[in-house]
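Take a look at the letters that make up each chain.
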Amino acid sequence: MTVREPRPEADPAGGPPLHVRGRVLLGDGSETEDLWVVDGRVTFEPPRGRRAAAPEVLEGWAVPGLVDMHCHIGLGESGPVDRATAEEQALADRDAGTLLVRDAGSPADTRWIDGRADLPRLLRAGRHLARPKRYLRHYGRELRDVRDLPAAAAEEARRGDGWVKLVADWIDRDLGPEGDLRPLWPDALLAEAVAAAHEAGARVTAHVFSTEALPALLEAGVDCLEHGTGLTPELTAEVARRGVPVVPTLLQVERFAEIASQADPRYPRFAARMRALHERRHEHVRALHEAGVRLLVGTDAGGTIAHGRLPAEAAELVAAGIPAAEVVAMASWRAREYLGVQALVEGAPADLVVYPRDPRGDVTVLEQPMAVVLGGALVAGPGA
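Conventions used here
Residues numbered from 1 in each chain as written. Predicted model: local features only at pLDDT ≥ 70, side-chain atom pairs only at ≥ 80, totals over all residues. Heavy atoms only, no water. Phe/Tyr/Trp six-rings, centres within 6.5 Å; stacked < 30°, edge-to-face > 60°. Helix = DSSP H or I, 4+ residues; strand = E, 2+ residues; numbered from the N terminus. Buried < 20%, exposed > 50% of the residue type's maximum accessible area, 1.4 Å probe, protein only. Lys NZ or Arg CZ within 6 Å of the ring centre and 35° of its normal. Contact = heavy atoms within 4.5 Å. Pairing = 2+ DSSP bridges. Core = buried A, V, L, I, M, F, W, Y, C linked by side-chain atoms within 4.5 Å. Polar contact = N/O pair within 3.5 Å; in protein donor to acceptor, adjacent residues only side chain to side chain. Expected span 1.5 Å × (residues − 1). Arc of directions from axis to C-beta. Axes fitted to C-alpha atoms, helices over the stretch in contact; angles between N-to-C directions. Parallel < 35°, antiparallel > 145°, perpendicular 65-115°, else oblique. Left-handed = near helix turned anticlockwise from the far one by under 90°. Nonpolar A, V, L, I, M, F, W, Y, C, P; charged D, E, K, R; others polar.

Q: I'd love a proper account of the packing of aromatic side chains, names of residues and values included.
A: In total, this model carries five aromatic pairs according to the counting rule given. With 4.8 Å between their ring centres and 70° between their planes, Phe209 and Phe256 make a pair best called edge-to-face. You can see Phe209 sitting in the loop between β15 (203–208) and α4 (214–220) and its partner Phe256 sitting in helix α7 (residues 256–263), a full 47 residues away along the chain. One exposure class covers both Phe209 and Phe256, and it is buried. The ring of Trp163 carries the charged tip of Arg102 above its face, separated from the ring centre by 4.6 Å. The ring of Tyr338 has Arg203 lying over it, and the distance from NZ or CZ to the ring centre is 4.5 Å.

Encoded structure:
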């Protein structure tokens, strides 16, 4: 997959360099004591000449900019939002340390963000592909004829930044009291759609709550699973074998009890399922981790979840039993590697967050960024 080149740094002409010192986390088992930012880019060589004069010093524990793998900038509870609101969403994410966002479906045109060096970098998945009355209103691209799915997947691949988002299941209210989560697409068409997206150079991720929709997604060759709450031990083993990442979105799954209450008494089967998924959410995510499934961190911000909550999502994963050091890696350099975006390497755009303590020992420190550096510019913290 080809990833777009990063945007220009906030101040490509330069300005005083930054000296980040203390402990800089570079990747699994790799760290250093000093890093400099010169002309918006990372270097491990102290600047010389005029660049060496009086650099601004940031001291603490530095981490490559955090990554929200499931976020919806430009989306509100009732559908697309205006530009000013989308900007507020992006700024909330940025100031919480999220400097790279995989936007997992949005009905809004957010291309203008590409020209804003002060906002997080955005990799889009186009619009959610869904069916009428089988997803949230005004969120997705609703296909009245399921046979249009492969062509629509190819179109969204061309509109996005290397990703396509499918809605694989949702409640079927036409079943009345028997209404429950049901797959949206025939298996053969699903396979054609994934193949069409791959042919267009995109990876495919899928919203999936249920167990029933999972076998066809895996057989089709889907690249990532969002939520994945219906994974059984057998399917979990298959996901681990295939190397398909899962984005658990625990902040969203926390809402399943509320969703169940809203469904009662009209859809009792659906309500019972959502309560069961809610009750086992931590046990479920811990089992995925122990089985070797690659987990990534995403908030599902937009709609009903506020932006800027990646630290809270990370804390939920730790509460589920995943070590804090693993969660920090998932939310930072491992996510960047998966997306094909550089972390803190020589010559890379300087996107980093500085904390007062090591977040690998206490993940709640992610709630306390001392400084946020985006494209080499100090955009949040003292002196920003």
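Once you've had a look at it, read on.
Q: Can you tell me about the environment of Ala240, naming the residues and giving the values?
A: Here Ala240 is to be found in helix α5 (residues 233–242). According to the relative accessible area criterion, Ala240 is partly exposed, its value standing at 26%. Distance from Ala240 to Leu277, taken between C-alpha atoms, is 20 Å for residues 37 residues apart in sequence. Residues within four places of Ala240 in sequence aside, it is in contact with Ala291, Gly292 and Val293.

Q: Residues and numbers for the pairing of strand β9 (residues 121–124), please.
A: Within a regular beta strand, the side chains point alternately toward one face of the sheet and then the other, so they alternate between its two faces. Here β9 shows two buried faces, one formed by Arg121 and Leu123 and the other by Leu122 and Arg124. Sheet topology note: the strand β8 (residues 98–103)/β9 ladder contains four bridges and is parallel. Bridging from a neighbouring strand, Leu100 pairs with Arg121 of β9.

Q: Please provide a residue-by-residue account of the environment of Gly74, values included.
A: Position of Gly74 among the secondary structure elements: in the loop between β5 (66–71) and β6 (75–76). The buried category is assigned to Gly74, whose relative accessible area is 0%. C-alpha of Gly74 to C-alpha of Leu225: the two residues are 151 residues apart in sequence and 22 Å apart in space. Filtering out sequence-adjacent residues up to four positions away, Gly74 remains in contact with Gly79, Pro80, Val81, Ala86, Gln89, Ser106, Ala108 and Thr110.

Q: Please give an account of the nonpolar core that cites residues and values.
A: The nonpolar side chains of soluble globular proteins are, as a tendency, buried together. Counting residues in each nonpolar core, the largest one holds 85 residues, and the members touching the most others are Val164, Leu225 and Met274. Once residues lying within four places of it in the same chain are set aside, the contact partners of Val164 are Ala125, Leu129, Ala153, Glu156, Ala157, Ala197, Ala202, Arg203, Val204 and Thr205.

Q: Please provide a residue-by-residue account of the environment of Arg334, values included.
A: Its location among the elements puts Arg334 in helix α12 (residues 333–339). As a C-alpha pair, Arg334 and Gly27 span 307 residues in sequence and 7.6 Å in three-dimensional space. Filtering out sequence-adjacent residues up to four positions away, Arg334 remains in contact with Asp28, Arg294, Glu326 and Ala329. Among the polar contacts listed, one links the side chain of Arg334 to the side chain of Asp28, at a separation of 3.0 Å. One polar contact links Arg334 to Glu326, side chain to side chain, over a distance of 2.9 Å.

Q: Summarise helix α8 (residues 268–279); cite the residues concerned and give the values.
A: Residues three or four positions apart in an α-helix share a direction because the helix packs 3.6 residues into each turn. For α8, with 12 residues, the first-to-last C-alpha span of 16 Å sits near the 16 Å given by 1.5 Å per residue. Looking only at α8, the buried set comprises Phe270, Ala271, Arg273, Met274, Leu277 and His278. Summarising the axial view, the buried residues of α8 lie within an arc of 165°, below the 170-degree limit, and thus occupy one face. Elements that come into contact with the buried residues of α8 comprise β13 (169–171), β14 (181–183), α6 (250–253), α7 and α9 (281–290).

Q: Break down the packing of helix α2 (residues 149–159) against helix α3 (residues 187–199) for me, citing the residues and quoting the values.
A: One way to put it is that α2 packs onto α3 with a least axis distance of 8 Å and a crossing angle of 25°. Compared by their axis directions, α2 and α3 come out roughly parallel. Here the hand of the crossing between α2 and α3 comes out right-handed. Only Leu189, Leu190, Glu192, Ala193, Ala196 and Ala197 of α3 make contact with α2, whose side of the interface consists of Leu149, Pro150, Ala153, Ala154 and Ala157. Taken together, the residues of the contact of α2 with α3 break down into 10 nonpolar, no polar and one charged.

Q: Describe in detail the sheet that holds strand β1 (residues 18–27), supporting the description with residues and values.
A: Pairing is mixed in the open sheet, where seven strands are placed in the order β3-β2-β1-β4-β18-β19-β20. The strands lining the two open edges of the sheet, one partner per strand, are β3 (41–43) and β20 (377–380). Going across the sheet, the axis of each strand differs from the next one's by a mean of 40°, ignoring polarity. Strand direction decides the pairing type here: strand β2 (residues 30–38) and β3, joined by three bridges, are antiparallel. Bridged to Val37 within β3 is Val42.

Take it as geometry only, folks, not as evidence of what the structure does.
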